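# Secondary and tertiary structure notes
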Amino acid sequence: MLKHPGLVAILAYDGLCAFEFGIAMEVFGLYRPEFDFPWYQHRIVSVDPSPIQVSEGIQIVSHYGLASLSEAQTIIIPGWRNRDEKPPQVLLDALCDASHRGARLLSICSGVFVLAAAGLLNGKRATTHWRYTGELAARYAEITVDPNVLYVDNGQIITSAGSAAGIDACLHLISRDYGVHIANVVARRLVMAPQRSGGQIQFIPSPVAQKPRDEIAPVVEWALQNLGSTLSVRQLAGRALMSDRTFLRRFKEAMGITPKAWLLQARMNLARELLEDNQLLNEQVMEYCGFASIESFRAAFRKSVGISLSSYRKMFGSKTSKSAETGAFG
C-alpha cells in the first residue's frame, strides 16, 4: 500500500464529456471518511480558460491550469470533445513532460485520442470504445489497438473502453495502489460490482437471454461460495439445469466472459483479499481458492496479477501475523 498516492489531476475543457469527468471525480475526488489512511488528493485542471462550458446550463470553474500538471502523480483524461480536432499543443507537451518524469496517465473512452496525438502510445497496446477502435487503429498505425477489452494497463499508462469501463480502470488503479480489498470497498460505495478484469469483452455480440440474471445469478452465487472446490462447466451447467453448450452460451451472454475465465478471476480476487489479510499461509490460500498445487497457484497468480505472492504480501498485506511469518512465501 502506498504511503500516499499523491495528486490526481482531472482534465477539464470546453465540450467536456460530463459522464467520464464525473467518474473520475467520484472515484478520486470524493471524501472517504471510512478510510484511516491518506487518500488521493485531487485537482481539476483546466485546458481552456475557466469557466469550462460543459453543456447548456453547466459550467465548471477551475483555479488550476496546465502548469499544475507538473505536480500530479496521476492524470485522468476524460473522453475528448472531438476526435477530429487535434488537442492543443500546450496540452500535448504538458502530458509528454508529465510522462517523462514518471506520472501515470489514465484515459477514459475517447480520451485515448489525446494520448495518441501526444505520441505516448506508440509501440504500446491500447483500447477505447468499440465504436472508435477502428478509427484509432487507422489513424495511429504505431498503436496496437485491442477492440475487445475493458481496459489495458501498460504500467504507466492505462487506457479504457466506453464510459462505464472507465470505472473499472479507475478501480484497477486503486487496487494497484491499495489492494483489491480497498478497491472493492470503493466499488460497494459506488453501488456497483467489484472491479472487472480488463480482459473482459466490451459488449455482448449475440442476443441476451430473456432472463440471464435469473438463470445464471444463483449459479454464480453458489460458485463464489465454493471456490475451494473443483468446479467444472458440467457441474455448473447441472446446477443451472442446462446442457453444457447452452450454459456456456447463456453464461457468456450474461457475464461477458467464459465460465473458466470468470472462475479464475473470482479465485484471484479471493486470493488477493486473503493475502492482504495476511493470516494464512500460501498453501492455505491455495486451498481456499481451489488450486491443486502451490506451483500452479503461484504461476496463475503471477500471470494474473503480474507479481509474485510474496511481493503482493509485502505491498498490500496487513501487519505480518505469526502464521504468515512461518509460511513459505513466493
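A short tour of the structure in this document, coming up. (Residues numbered from 1 in each chain as written. Predicted model: local features only at pLDDT ≥ 70, side-chain atom pairs only at ≥ 80, totals over all residues. Heavy atoms only, no water.)

### Concerning helix 9 (residues 244–255)
For helix 9, which comprises 12 residues, the first-to-last C-alpha distance of 16 Å matches the rise-based estimate of 16 Å (1.5 Å per residue) to within 8%. Looking at helix 9, one finds that the buried residues are Phe-247, Phe-251 and Glu-253. All buried residues of helix 9 project into a common sector of 165° when viewed along the axis, lining one side. Directly beyond the C-terminal end of helix 9, a positive phi value near 70° is found at Gly-256. (Helix = DSSP H or I, 4+ residues; strand = E, 2+ residues; numbered from the N terminus. Expected span 1.5 Å × (residues − 1). Buried < 20%, exposed > 50% of the residue type's maximum accessible area, 1.4 Å probe, protein only. Arc of directions from axis to C-beta.)

### Section: the pairing of strand 2 (residues 41–46)
Pairing between strand 1 (residues 7–12) and strand 2: 6 bridges, direction parallel. By the bridge assignment, Leu-7 is partnered in strand 2 with Gln-41. In this view, the connection linking strand 1 to its parallel neighbour strand 2 by way of helix 1 (residues 18–29) has right-handed handedness. (Pairing = 2+ DSSP bridges. Right-handed = clockwise from strand over helix to strand, strands pointing away.)

### Digging into the environment of Val-149
Topologically, Val-149 is positioned in the loop between strand 8 (144–145) and strand 9 (151–153). What makes Val-149 buried here is its relative accessible area of 7%. Note: C-alpha distance between Val-149 and Thr-128 (21 residues apart in sequence) is 8.7 Å.

### Observations regarding the sheet that holds strand 6 (residues 104–107)
Taken together, 6 strands build an open sheet; the order of strands is 2-1-5-6-10-9 and the sheet is mixed. A single partner strand is all that each edge strand has here, and the edge strands are strand 2 and strand 9. Neighbouring strand axes in the sheet, compared pairwise and without regard to direction, differ in orientation by 15° on average. Bridging between strand 1 and strand 5 (residues 74–77) involves 3 bridges; their strand directions are parallel. (Axes fitted to C-alpha atoms, helices over the stretch in contact; angles between N-to-C directions.)

### A word on the side chain of Arg-32
Relative to the helices and strands, Arg-32 is located in the loop between helix 1 and strand 2. Arg-32 sits in the buried class, given a relative accessible area of 4%. Of note is the side chain of Arg-32, whose polar atom sits 2.9 Å from the backbone oxygen of Glu-26. When neighbours within four sequence positions are excluded, Arg-32 is seen to be in contact with Glu-26, Val-27, Trp-39, Val-186 and Arg-189. (Polar contact = N/O pair within 3.5 Å; in protein donor to acceptor, adjacent residues only side chain to side chain. Contact = heavy atoms within 4.5 Å.)

### Let's talk about the packing of helix 10 (residues 259–277) against helix 12 (residues 294–305)
Interhelical geometry of helix 10 versus helix 12 gives an angle of 95° and a closest axis separation of 11 Å. Considering their axes alone, helix 10 and helix 12 lie roughly perpendicular with respect to each other. Packed against helix 10, whose contacting residues are Leu-264, Met-268, Ala-271, Arg-272 and Leu-275, the element helix 12 presents Phe-297, Ala-300, Phe-301, Ser-304 and Val-305 at the interface. Taken together, the residues that form the contact of helix 10 with helix 12 break down as 8 nonpolar, 1 polar and 1 charged. (Parallel < 35°, antiparallel > 145°, perpendicular 65-115°, else oblique. Nonpolar A, V, L, I, M, F, W, Y, C, P; charged D, E, K, R; others polar.)

### Comments concerning the packing of aromatic side chains
Tallied over the entire structure, the rule returns 14 aromatic pairs. Between Phe-35 and Phe-37 the ring centres are 4.9 Å apart and the planes differ by 20°, which places this aromatic pair in the stacked class. Overall, Phe-35 belongs to the buried group, its relative accessible area being 12%. Geometrically, the ring pair formed by Phe-297 and Phe-301 is edge-to-face, given 6.3 Å between the ring centres and 65° between the ring planes. On the criterion of helical spacing, the pair formed by Phe-297 and Phe-301 is a turn pair, its members being 4 residues apart in helix 12. In this pair, the class of Phe-297 matches that of Phe-301, namely buried. Members of the aromatic cluster, connected to one another through ring pairs, are Phe-28, Phe-35, Phe-37, Trp-39, Tyr-40 and Tyr-178. (Phe/Tyr/Trp six-rings, centres within 6.5 Å; stacked < 30°, edge-to-face > 60°.)

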